[in-house]
Amino acid sequence: MASVNKCIFIGNLGRDPEIRYMPSGDAMANFSIACTDSFKGKSGEKQERTEWVRIVMFGKQAEIAGEYLKKGSSVYIEGRMQTRKWTNKEGQDQYTTEIVAERMQMLGGRSSGSNSFEVMDRDDDGGSAPPPRQQAPASSGRPASGSIDDIDDDIPF
């Protein structure tokens, strides 16, 4: 029987990403995002519940997160859930559940503009994908000058 391990979150960073480098030289970023859920309580009043989600990224994506993400940044994360086990200093087993990000999209733009950047970093073999590209701002589908004659129609179909 097939299974799926895929998680999608939109949230805001609780603090700046922590960037470290592994012995291989690859970057690793750790941060948590707050995902807030709104709902009506039993008496009808609006309530909110915030879940903190631990995120880990590797490679070029981690470097980009360290450079562009800051406390309060809004971000879309897509990845897989992973639980790690280790032994603490007292000899007790500890567990951490985190999301290994395979795709990240920064939301809300940068302070110098309102563009969105998309980063997809993890290939099926764990390698790095091509560098991120800046997405064009959303358009209304109309040419800037308002004339239909200004449209370049080198459309192949």
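Since this is a predicted model, take the numbers as computed values, not measurements.

(A) Broad picture of the overall build of the protein. Looking only at helices and strands, the protein has 1 helix and 8 strands in total. When the helices and strands of the protein are placed in sequence order, the string is β-β-β-β-α-β-β-β-β. A total of 157 residues make up the protein; the buried ones form 29% of that total. Considering only contacts within the protein whose residues lie at least 6 apart along the sequence, 50% involve residues at least 24 apart. Accessible area for the protein stands at about 11,200 Å²; split by element, carbon and sulfur atoms hold 48% of it.

(B) Structural context of the side chain of Asn30. In this fold, Asn30 is placed in strand E3 (residues 27–40). Judged by relative accessible area, which is 12%, Asn30 ranks as buried. The residues contacting Asn30, other than those within four sequence positions of it, are Pro17, Glu18, Arg20, Ile55 and Val56.

(C) Here's a closer look at the nonpolar core. Among the nonpolar cores identified, the biggest contains 20 residues, and Phe31, Ile33, Ile55, Met57, Leu69, Ile77 and Met104 are the most heavily contacted of them. Taken together, the elements giving at least two residues each to this core come down to strand E1 (7–13), E3, strand E4 (46–58), helix H1 (59–68), strand E5 (74–87) and strand E6 (93–107). Tallying contributions element by element places E3 first for this core, with 5 residues. In this structure Ile55 touches Ala29, Asn30, Phe31, Ile33, Ile77, Ile99 and Ala101, once residues within four positions along its chain are discounted.

(D) Molecular detail of the pattern of salt bridges. Applying the stated rule across the entire model yields 7 salt bridges. Salt-bridge contacts for Lys60 lead to Glu63; the nearest nitrogen and oxygen are separated by 4.0 Å. Placement of both Lys60 and Glu63 in helix H1 is noted, with a separation of 3 residues, approximately one turn of the helix. A relative accessible area of 31% places Glu63 in the partly exposed class. Put simply, Arg103 and Glu78 hold a salt bridge, and the shortest N to O gap is 3.5 Å.

(E) View of the pairing of E5. Here 6 bridges tie E1 to E5, and the two strands are oriented antiparallel to one another. Bridged to Ile8 within E5 is Glu78. Inspection of the sheet shows E5 paired to E6 by 14 bridges, in the antiparallel sense. Paired with Tyr76 across the two strands is Gln105, which belongs to E6. Following E5, the chain reverses through 5 residues before pairing antiparallel with E6; Gly91 in that reversal takes a positive phi of roughly 85 degrees.

(F) View of the pairing of strand E2 (residues 18–21). Both E2 and E3 contribute to a ladder of 4 bridges, which runs antiparallel. Residue pairing across strands places Tyr21 opposite Ala27, the latter belonging to E3. From the end of E2 to the start of E3, which pair antiparallel, there are 5 residues, and Gly25 there has a positive phi angle of about 95 degrees.

How each quantity is defined
- Residues numbered from 1 in each chain as written.
- Predicted model: local features only at pLDDT ≥ 70, side-chain atom pairs only at ≥ 80, totals over all residues.
- Heavy atoms only, no water.
- Helix = DSSP H or I, 4+ residues; strand = E, 2+ residues; numbered from the N terminus.
- Buried < 20%, exposed > 50% of the residue type's maximum accessible area, 1.4 Å probe, protein only.
- Contact = heavy atoms within 4.5 Å.
- Areas by Shrake-Rupley, 256 points an atom, 1.4 Å probe, with all protein chains shown as cover.
- Core = buried A, V, L, I, M, F, W, Y, C linked by side-chain atoms within 4.5 Å.
- Salt bridge = Lys/Arg side-chain N within 4 Å of Asp/Glu carboxyl O.
- Pairing = 2+ DSSP bridges.

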